[in-house]
Amino acid sequence: MHSDELGLSREQLLSLYHMMTLIRGTEEQLARAHQMGLVPGPCHTYVGEEAIAAGVCAALRRDDVVFSTHRGHGHALAKGVSPRAVAAELFGKATGCSQGRGGSMHLFAPEAGLMGTSGIVGPSILQGAGAGYSFKLLGLDRVSVAFFGDGAVSNGAFHEGLNMASIWDLPVVFVCEDNMYATEVPFREATRNQNVAERARVSYAMNAASVDGNDVLAVYAASAAAVARARVGAGPSLIECKTYRTRPHAEGMRDGGYRSAEEIDEWKKRDPIANFKNRLIANGQADADAIAEIDAEVQSLVQDAMEFARSSPFPDPVSATEYIFSAQE
Ligand SMILES: Cc1ncc(C[n+]2csc(CCOP(=O)(O)OP(=O)(O)O)c2C)c(N)n1
């Protein structure tokens, strides 16, 4: 997909680069912080998959909603949650987006449309369908997005969620991040049909596309089309994004035995950020100075977020029962 065909301005293209770089930079520092024992819970990074969150969320309005997964830092940042609020949450601090109660897999920022990351595989699909149903009932033109991995597509939630969204023409975009593995289980061993877009199209008569999930413009193009359909009441879509995580399943886990070093190196060559940067420069849409300026800005944002997270207070023990349940009327 050539950027001219998408009608994106130079600013929009640079902002896609900015977002992917911000996700990468934040997560590299979070991984370091995890190694240093500063992140008390699990930390699943999104390194290598940044083009998906950046491309999908660039097609959304702030009042559209996103339901995320255990690998959701990128979704949160791309939906507009600040790096400070994400980092502080992973550090368990009171200034985190969930007041330090949740950690990596419970990032909530409904004001930004981030309806939650989740430690459970699959429910984002049903929650996404549910939000779409409520938007339809309320007559709103808002759109709901459900992110999920290849590990979720053999879960009952996938079939129930897609079926309901399809029969009721709900304004939902299902985004499958197929990174080829569910923890250490290869997708090819978990299902006989790995073509997720085909499953949506054939089994649920749903609009569906399969794209290179490491190509931010391809992801953006498919997302913009799916969101536009959903917004005018033309029903749900599924976007299958082929991608790869280049770090272990979660920080501190071993990464051998189920995939080869050669495979990882091969995919590193398809790095979504480096490739997009080269493309912007080759097409004359950015020069080295513009890229360096963004890199420096991102570096200072990330540094600021880490300092903020480190220096923020832990929640006051007296407040332990606050922000856990919704307030009773
Ligand atoms: C319902 C449920 N079953 C099993 C698990 C354990 N689990 C955590 S992550 C994971 C793999 C998920 O793989 P995928 O959905 O492809 O996402 P990825 O980690 O590859 O991004 C599993 C099985 C879980 N969290 N929830």
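Each chain carries its own residue numbering, running from 1 in the direction its sequence is written. Residue-level local features of this predicted model are given only where pLDDT is at least 70; pairs of side-chain atoms are given and counted only at 80 or more, and the full residue set underlies all totals for whole chains, interfaces and linings. For the side-chain quantities, the full set of heavy atoms in the structure was used; hydrogens and water were omitted.

A. Spatial organisation of a nonpolar patch on the surface. The patch calculation keeps residues exceeding 30% relative accessible area without a salt bridge and links them within 9 Å when they carry like charges or within 5 Å when they are nonpolar (Val, Leu, Ile, Met, Phe, Trp, Tyr). Note on areas: Shrake-Rupley with a 1.4 Å probe; residue coverage comes only from the protein chains shown. Put simply, a salt bridge is a Lys or Arg side-chain nitrogen that is within 4 Å of an Asp or Glu carboxyl oxygen. Side chains of Tyr133, Leu137, Leu138, Leu140, Ile167 and Trp168 sit close together on the surface and give an oily, nonpolar patch of about 620 Å² of accessible area. Checked against the element boundaries, tryptophan 168 lands in the loop between helix H7 (156-167) and strand S3 (172-178). Of the residues examined, tryptophan 168 reaches a relative accessible area of 37% and is grouped as partly exposed. Only DSSP runs of H or I with at least four residues qualify as helices, and only runs of E with at least two residues qualify as strands; both kinds are numbered from the N terminus onward. Only protein chains enter the accessibility calculation, which uses a 1.4 Å probe; a residue is then buried when its area is under 20% of its type maximum, exposed when over 50%, and partly exposed in between.

B. Fine view of empty space enclosed by the protein. Put plainly, a pocket is an open set of points on a 1 Å grid over the protein atoms alone with protein on both sides within 12 Å along at least five of seven lines, a cavity is a set where a 1.4 Å probe fits but cannot get out, and a lining residue has an atom within 4 Å of a point. Grid points are joined across faces, edges and corners, and a volume is the space filled by probe spheres set on the points. This structure, assessed with the given rule, holds 1 cavity of 30 Å³ or more. Roughly 40 Å³ of internal volume is contained in the largest cavity. Forming the walls of the largest cavity are Gly48, Asn214, Tyr244, Thr246, Trp267, Lys268, Arg270, Asp271 and Pro272. Taken together, the residues of the lining of the largest cavity break down into 3 nonpolar, 3 polar and 3 charged. Here the term charged refers only to Asp, Glu, Lys and Arg, the term nonpolar to Ala, Val, Leu, Ile, Met, Phe, Trp, Tyr, Cys and Pro, and the term polar to all other amino acids, Gly among them.

C. Molecular detail of unusual backbone geometry. Phi angles above zero are rare outside glycine, and glutamine 99 is one such case at about 55 degrees. Assignment of secondary structure puts glutamine 99 in the loop between helix H5 (83-90) and helix H6 (123-137). Note on glutamine 99: relative accessible area 26%, which makes it partly exposed. With a phi angle near 80 degrees, methionine 180 is a residue other than glycine that sits in the positive phi range.

D. How the structure looks around the sheet that holds S3. Should DSSP find at least two bridges between two strands, the strands are taken to pair. Here we have 5 strands laid out as an open sheet, ordered S1-S2-S3-S7-S6, and parallel in their pairing. Single-partner strands in this sheet number two, and they are strand S1 (65-67) and strand S6 (207-212). The sheet shows a mean angle of 20 degrees between the axes of neighbouring strands, direction not considered. Of the pairings in the sheet, the one linking strand S2 (residues 144-149) to S3 comprises 6 bridges and is parallel in character. Within S3, the position partnered with glycine 149 by the bridge is glutamate 177. Residue contacts are counted whenever heavy atoms from the two residues lie within 4.5 Å of one another. Fitted lines through C-alpha atoms serve as axes, helices being fitted only where they are in contact, and the angles separating the N-to-C directions of these axes extend from 0 to 180 degrees. In this fold helix H3 (residues 50-57) packs onto S1, S2, S3 and strand S7 (237-242), with an angle of close to 170 degrees to the strand it touches most, S2. H6 rests against S1, S2 and S3 of the sheet, and its axis sits at about 170 degrees to S2.

E. Structural context of the state of the cysteines. Put simply, a disulfide is two cysteine sulfurs that come within 2.5 Å. All told, the structure shown has 0 disulfides when counted by the stated rule. Its sulfur unpaired, cysteine 43 is 13 Å from the next cysteine sulfur, which belongs to cysteine 97. Between cysteine 176, a cysteine without a disulfide, and cysteine 241, which holds the nearest cysteine sulfur, the sulfur-to-sulfur distance is 7.7 Å. A relative accessible area of 0% means that cysteine 176 is categorised as buried.

F. Here's a closer look at the site of the ligand. His70, Arg71, Gly119, Gly151 and Tyr181 are the nearest of the 14 residues found near the ligand. By the criterion applied in these results, polar contacts are pairs of N or O atoms within 3.5 Å in which, for protein atoms, one can donate a hydrogen and the other can accept it, and in which residues neighboring in sequence qualify only through two side-chain atoms. Aspartate 150 places a polar main-chain atom, nitrogen or oxygen, 3.3 Å from an oxygen atom of the ligand. Separating an oxygen atom of the ligand from a backbone N or O atom of tyrosine 181 is a distance of 2.8 Å. Look at the ligand: alone it shows 580 Å² of surface, and the protein chains cover 69% of it. Here the residues of the shell around the ligand sort into 5 nonpolar, 7 polar and 2 charged. For this description, a residue counts as near a given molecule or strand if any of its non-hydrogen atoms is within 4 Å of it.

G. Representation of the pairing of S3 within the structure. Judged by how many residues are buried, S3 sits mostly within the fold: 7 of 7 residues are covered. Residues of S3 alternate between two faces, with Val172, Phe174, Cys176 and Asp178 on one and Val173, Val175 and Glu177 on the opposite face, all of them buried. Crossover S2 to S3 through H7 is right-handed. With 6 bridges connecting them, S3 and S7 associate as parallel partners. Paired with cysteine 176 across the bridge in S7 is glutamate 240. Whether a crossover is right-handed comes down to one check: with the strands pointing away from the viewer, does the path from the first strand over the helix to the second run clockwise; if it does, it is right-handed.

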